[in-house]
Amino acid sequence: MTVDELDTRILRLLLEQPRTSVREYARILGVARGTLQARLDRLERDGVITGTGPFLSPAALGHPVLAFVHIEVTQGHLDDVGDALAAVPEIVEAFSITGGGDLLTRVVAQDNAHLEDVIQKLISLPGVVRTRTEVALRERVPHRLLPLVESVGRAARG
(Lines give C-alpha, C1' and ligand atoms only; values in the text may rest on other atoms or scores of the structure.)
Protein backbone atom coordinates (compact mmCIF):
# COMPACT_ATOMS: atom_id res chain seq x y z
CA MET A 1 0.00 0.00 0.00
CA THR A 2 1.42 3.34 -1.02
CA VAL A 3 0.44 6.37 1.01
CA ASP A 4 0.76 9.62 -0.91
CA GLU A 5 0.77 13.22 0.26
CA LEU A 6 -3.04 13.60 0.23
CA ASP A 7 -3.41 10.36 2.20
CA THR A 8 -0.94 11.73 4.73
CA ARG A 9 -2.90 14.97 5.04
CA ILE A 10 -6.12 12.98 5.51
CA LEU A 11 -4.55 10.78 8.19
CA ARG A 12 -3.15 13.81 9.99
CA LEU A 13 -6.62 15.38 10.12
CA LEU A 14 -8.16 12.14 11.37
CA LEU A 15 -5.63 12.02 14.19
CA GLU A 16 -5.79 15.71 15.08
CA GLN A 17 -9.55 16.24 14.61
CA PRO A 18 -11.20 12.82 14.98
CA ARG A 19 -14.72 14.15 15.53
CA THR A 20 -14.91 16.27 12.39
CA SER A 21 -17.31 15.36 9.56
CA VAL A 22 -16.20 14.08 6.17
CA ARG A 23 -17.67 17.21 4.60
CA GLU A 24 -15.53 19.42 6.87
CA TYR A 25 -12.39 17.34 6.18
CA ALA A 26 -12.99 17.81 2.45
CA ARG A 27 -13.39 21.57 2.94
CA ILE A 28 -10.21 21.83 5.03
CA LEU A 29 -8.21 19.80 2.50
CA GLY A 30 -9.70 21.56 -0.52
CA VAL A 31 -10.87 18.34 -2.20
CA ALA A 32 -14.25 17.06 -3.29
CA ARG A 33 -16.21 15.12 -0.69
CA GLY A 34 -16.38 12.13 -3.07
CA THR A 35 -12.59 12.16 -3.48
CA LEU A 36 -12.11 12.24 0.27
CA GLN A 37 -14.63 9.44 0.82
CA ALA A 38 -12.95 7.28 -1.84
CA ARG A 39 -9.58 7.83 -0.15
CA LEU A 40 -11.01 6.96 3.27
CA ASP A 41 -12.62 3.81 1.87
CA ARG A 42 -9.32 2.74 0.27
CA LEU A 43 -7.34 3.46 3.45
CA GLU A 44 -9.81 1.31 5.40
CA ARG A 45 -9.86 -1.46 2.79
CA ASP A 46 -6.03 -1.54 2.72
CA GLY A 47 -5.88 -1.75 6.53
CA VAL A 48 -4.25 1.64 7.13
CA ILE A 49 -7.30 2.86 9.05
CA THR A 50 -8.22 0.06 11.42
CA GLY A 51 -10.97 1.69 13.42
CA THR A 52 -12.69 4.79 14.58
CA GLY A 53 -13.97 5.64 17.96
CA PRO A 54 -13.00 7.14 21.25
CA PHE A 55 -9.77 6.36 23.03
CA LEU A 56 -10.64 5.47 26.61
CA SER A 57 -8.59 5.92 29.74
CA PRO A 58 -8.35 2.78 31.89
CA ALA A 59 -7.27 5.04 34.79
CA ALA A 60 -10.45 7.11 34.47
CA LEU A 61 -12.40 3.83 34.45
CA GLY A 62 -10.91 2.97 37.86
CA HIS A 63 -7.89 0.97 36.63
CA PRO A 64 -4.85 3.26 37.09
CA VAL A 65 -2.26 0.46 37.45
CA LEU A 66 -0.61 -0.58 34.19
CA ALA A 67 1.60 -3.65 33.93
CA PHE A 68 3.20 -5.70 31.21
CA VAL A 69 2.99 -9.41 31.89
CA HIS A 70 5.22 -11.82 29.98
CA ILE A 71 3.69 -15.29 29.80
CA GLU A 72 5.59 -18.48 29.09
CA VAL A 73 3.37 -21.14 27.53
CA THR A 74 3.67 -24.91 27.26
CA GLN A 75 4.59 -25.86 23.70
CA GLY A 76 1.56 -26.43 21.54
CA HIS A 77 -0.80 -24.38 23.74
CA LEU A 78 -0.20 -20.87 22.43
CA ASP A 79 -3.56 -20.59 20.67
CA ASP A 80 -5.45 -22.01 23.66
CA VAL A 81 -3.81 -19.58 26.07
CA GLY A 82 -4.34 -16.70 23.65
CA ASP A 83 -8.04 -17.54 23.46
CA ALA A 84 -8.26 -17.74 27.26
CA LEU A 85 -6.60 -14.33 27.61
CA ALA A 86 -9.41 -12.78 25.58
CA ALA A 87 -11.79 -13.70 28.41
CA VAL A 88 -9.84 -11.67 30.99
CA PRO A 89 -11.22 -8.10 30.87
CA GLU A 90 -8.14 -6.54 32.49
CA ILE A 91 -5.99 -7.65 29.55
CA VAL A 92 -6.22 -4.80 27.07
CA GLU A 93 -3.65 -6.18 24.59
CA ALA A 94 -1.77 -9.41 24.02
CA PHE A 95 0.96 -10.24 21.53
CA SER A 96 2.91 -13.35 20.56
CA ILE A 97 6.58 -12.45 20.96
CA THR A 98 10.10 -13.72 20.54
CA GLY A 99 12.65 -13.62 23.32
CA GLY A 100 11.94 -14.17 26.99
CA GLY A 101 8.45 -15.59 26.87
CA ASP A 102 5.75 -16.47 24.39
CA LEU A 103 3.16 -13.78 25.03
CA LEU A 104 3.32 -10.18 26.16
CA THR A 105 0.16 -8.72 27.66
CA ARG A 106 -0.77 -5.22 28.68
CA VAL A 107 -2.80 -5.45 31.87
CA VAL A 108 -4.69 -2.79 33.79
CA ALA A 109 -5.79 -3.08 37.41
CA GLN A 110 -7.53 -1.11 40.15
CA ASP A 111 -4.53 -1.38 42.49
CA ASN A 112 -1.59 -3.68 43.20
CA ALA A 113 -3.75 -6.23 45.03
CA HIS A 114 -6.08 -6.42 42.03
CA LEU A 115 -3.06 -6.80 39.75
CA GLU A 116 -1.92 -9.75 41.86
CA ASP A 117 -5.39 -11.31 41.50
CA VAL A 118 -5.23 -10.92 37.72
CA ILE A 119 -1.74 -12.46 37.61
CA GLN A 120 -2.94 -15.39 39.74
CA LYS A 121 -5.79 -15.88 37.28
CA LEU A 122 -3.27 -15.94 34.42
CA ILE A 123 -1.00 -18.42 36.20
CA SER A 124 -3.96 -20.77 36.70
CA LEU A 125 -4.78 -20.92 32.97
CA PRO A 126 -4.09 -24.34 31.43
CA GLY A 127 -0.89 -24.13 29.40
CA VAL A 128 0.67 -21.24 31.32
CA VAL A 129 4.07 -22.20 32.73
CA ARG A 130 5.09 -18.93 34.40
CA THR A 131 4.67 -15.18 34.22
CA ARG A 132 6.96 -12.22 34.71
CA THR A 133 5.42 -8.84 35.50
CA GLU A 134 6.72 -5.32 35.02
CA VAL A 135 4.69 -2.45 36.46
CA ALA A 136 4.70 0.81 34.53
CA LEU A 137 5.55 3.80 36.70
CA ARG A 138 4.86 6.70 34.33
CA GLU A 139 3.96 7.06 30.69
CA ARG A 140 6.87 8.79 28.91
CA VAL A 141 5.59 8.73 25.33
CA PRO A 142 1.84 8.32 24.94
CA HIS A 143 0.48 6.12 22.17
CA ARG A 144 0.88 8.12 19.00
CA LEU A 145 0.99 7.64 15.27
CA LEU A 146 1.21 11.19 13.93
CA PRO A 147 5.05 11.24 13.82
CA LEU A 148 4.98 7.98 11.83
CA VAL A 149 2.33 9.35 9.45
CA GLU A 150 4.42 12.47 8.91
CA SER A 151 7.54 10.37 8.26
CA VAL A 152 5.68 8.24 5.71
CA GLY A 153 4.37 11.42 4.08
CA ARG A 154 7.88 12.86 3.80
CA ALA A 155 9.11 9.64 2.21
CA ALA A 156 6.17 9.71 -0.26
CA ARG A 157 7.17 13.22 -1.37
CA GLY A 158 10.65 11.86 -2.03
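Reading the values: rules and limits
Residues numbered from 1 in each chain as written. Predicted model: local features only at pLDDT ≥ 70, side-chain atom pairs only at ≥ 80, totals over all residues. Heavy atoms only, no water. Helix = DSSP H or I, 4+ residues; strand = E, 2+ residues; numbered from the N terminus. Contact = heavy atoms within 4.5 Å. UniProt positions renumbered as here; feature names shortened; annotations may be inferred. Salt bridge = Lys/Arg side-chain N within 4 Å of Asp/Glu carboxyl O. Buried < 20%, exposed > 50% of the residue type's maximum accessible area, 1.4 Å probe, protein only. Arc of directions from axis to C-beta. Pairing = 2+ DSSP bridges. Core = buried A, V, L, I, M, F, W, Y, C linked by side-chain atoms within 4.5 Å.

As recorded by an unreviewed UniProt entry, the protein carries the name Lrp/AsnC family transcriptional regulator and is attributed to Streptomyces sp. 900105755.

## Describing the side chain of T8
Looking at the secondary structure, you find T8 in helix α1 (residues 5-16). Those residues in contact with T8 that sit more than four places away from it in its chain are V3, V149 and G153.

## As for the UniProt feature "domain: HTH asnC-type" (unreviewed entry) in the protein
Under the present numbering, the feature "domain: HTH asnC-type" (unreviewed entry) in UniProt falls on residues 3-64. Secondary structure across residues 3-64 comprises 53% helix and 0% strand; the distance between its end C-alpha atoms is 37 Å.

## Let's talk about the pattern of salt bridges
Applying the stated criterion across every chain yields a total of 9 salt bridges. Among the ionic pairs, R42 bridges to D7, the shortest N-O distance being 2.7 Å. Remark: D7 occurs in helix α1 and R42 occurs in helix α3 (residues 33-45); sequence separation between them is 35 residues. Each of D4, D7, R39 and R42 takes part in salt bridges that share partners, so that together they form one network.

## Focus: helix α2 (residues 22-29)
The complete set of buried residues in α2 reads Y25, A26 and L29. Down the axis, α2 shows its buried residues gathered within 100 degrees of arc, on one side only. What points out from α2, more than 90 degrees from its buried face, is the exposed set R23 and R27. Packed against the buried residues of α2 are α1 and α3. The positive-phi residue at the C-terminal boundary of α2 is G30, with phi of around 70 degrees.

## Observations regarding the pairing of strand β2 (residues 91-96)
For a regular strand, side-chain orientation follows a simple rule: the groups alternate between the two sheet faces. With 5 bridges joining them, β2 and strand β3 (residues 103-109) adopt antiparallel strand pairing. Considered in β3, the bridge of I91 is made with V107. Hairpin connection from β2 to β3: 6 residues lie between these consecutive antiparallel strands, with G99 at a positive phi of about 95 degrees.

## A short note on the nonpolar core
Grouped together as the largest cluster of nonpolar side chains are 18 residues, with contacts concentrated most on I71, L85, L115 and L122. At the level of elements, β1 (65-73), α4 (78-85), β3 and α5 (112-123) are the ones that each hand at least two residues to this core. With 5 residues, the single largest contributor to this core is β1. If we skip the residues at most four places from it in the chain, I71 touches L85, G101, D102, L103, T105, L122, V128, R130 and T131.

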